[in-house]
Amino acid sequence: MGILDLMLGSPGEGEQGVAAKSYTLPKETHEFVYPVAVRRAEVEAFAELLAAEADAPALEGGTEDVQAVLDGMIEEGAVDAEELTERMQGPRGEVEPVIDDWQARLEGDIGVVYARPGTYENLLAFVKFCKRRDDDASDEFTVPENFADAAALLKRLETGTDTQYRAVIHTDLLPDE
């Protein structure tokens with residue numbers, strides 16, 4: 001038994017007919033993610049969007065209007081407006097921890113972040129929510145000037161997560177769920 005066997009677990013036949021050694025990593029401590037190259041300015045722009053939306057007066061009106069807008073942008077029923085409105089007006093349960101983690105982990109102007117499955121969809125829903133608020137004349141919320149950088153981050157995530165190829169990393173490298 002070699003050092004890799006001790007570190008990674010027991011070797012066995014490759015999965016799905018691949019004739020090679022593979023190592024079984026514990027699911028409790030490892031997760032599939034999409035590594036995505038990003039610019040610090042893009043992550044910072046998204047953080048500013050989060051802060052601007054948090055500082056804006058609460059969205060008025062019923063969730064029916066929000067649901068109608070979402071159904072027009074995304075496959076009908078893919079996002080529940082009531083759940084989205086609660087999540088966006090609350091602590092931004094899915095989005096804020098991801099962006100905070102990415103900000104803390106990026107060391108230079110360009111780096112790699114790890115996106116779990118569903119991260120792109122959560123950030124996209126938040127951006128569309130903010131865009132709708134910005135377009136609403138009765139809402140005081142306006143997107144920050146660097147909104148285009150936040151949109152560029154979304155494009156990178158879309159491209160980086162629209163693939164079958166993922167990496168396996170230790171969950172210590174991910175924000176808490």
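Treat the numbers as computed from the prediction; the structure is a model and nothing was measured. (Residues numbered from 1 in each chain as written. Predicted model: local features only at pLDDT ≥ 70, side-chain atom pairs only at ≥ 80, totals over all residues. Heavy atoms only, no water.)

### Examining the overall build of the protein chain
Phase 1 of the analysis: Along its length, the protein chain carries seven helices and five strands.
Phase 2 of the analysis: Reading the protein chain from its N terminus to its C terminus gives the helix and strand order α-β-β-β-α-α-α-α-β-α-α-β.
Phase 3 of the analysis: Burial statistics for the protein chain: of 177 residues in total, 36% are counted as buried.
Phase 4 of the analysis: On the protein chain, roughly 10,700 Å² of surface is accessible, and the fraction owed to carbon and sulfur atoms is 50%. (Helix = DSSP H or I, 4+ residues; strand = E, 2+ residues; numbered from the N terminus. Buried < 20%, exposed > 50% of the residue type's maximum accessible area, 1.4 Å probe, protein only. Areas by Shrake-Rupley, 256 points an atom, 1.4 Å probe, with all protein chains shown as cover.)

### Things to note about the packing of helix 2 (residues 40–55) against helix 7 (residues 147–161)
Phase 1 of the analysis: The interhelical angle for the contact between helix 2 and helix 7, taken along N-to-C directions, is 115°, at an axis separation of 7 Å. The hand of the helix 2/helix 7 crossing is left-handed. On helix 7, the residues touching A41, E42, V43, A45, F46 and L49 of helix 2 are F147, D149, A150, A152, L153, L154 and R156.
Phase 2 of the analysis: For the contact of helix 2 with helix 7, a count of residues per class yields ten nonpolar, no polar and three charged. (Axes fitted to C-alpha atoms, helices over the stretch in contact; angles between N-to-C directions. Left-handed = near helix turned anticlockwise from the far one by under 90°. Contact = heavy atoms within 4.5 Å. Nonpolar A, V, L, I, M, F, W, Y, C, P; charged D, E, K, R; others polar.)

### Some words on the confidence of the model for the protein chain
Phase 1 of the analysis: Put simply, the protein chain has an average pLDDT of 77, and 63% of its residues get 70 or more.
Phase 2 of the analysis: Mean pLDDT values for the elements of the protein chain range from 49 in helix 1 (residues 3–8) up to 94 in helix 2. (pLDDT = per-residue confidence, 0-100.)

### Observations concerning the pairing of strand 4 (residues 110–115)
Phase 1 of the analysis: The side-chain alternation of strand 4 yields one buried face, formed by G111, V113 and A115, and one unburied face, formed by I110, V112 and Y114.
Phase 2 of the analysis: Taken together, the six bridges between strand 3 (residues 30–39) and strand 4 define a ladder with antiparallel strand orientation. Following the sheet pairing, Y34 is matched in strand 4 by A115. (Pairing = 2+ DSSP bridges.)

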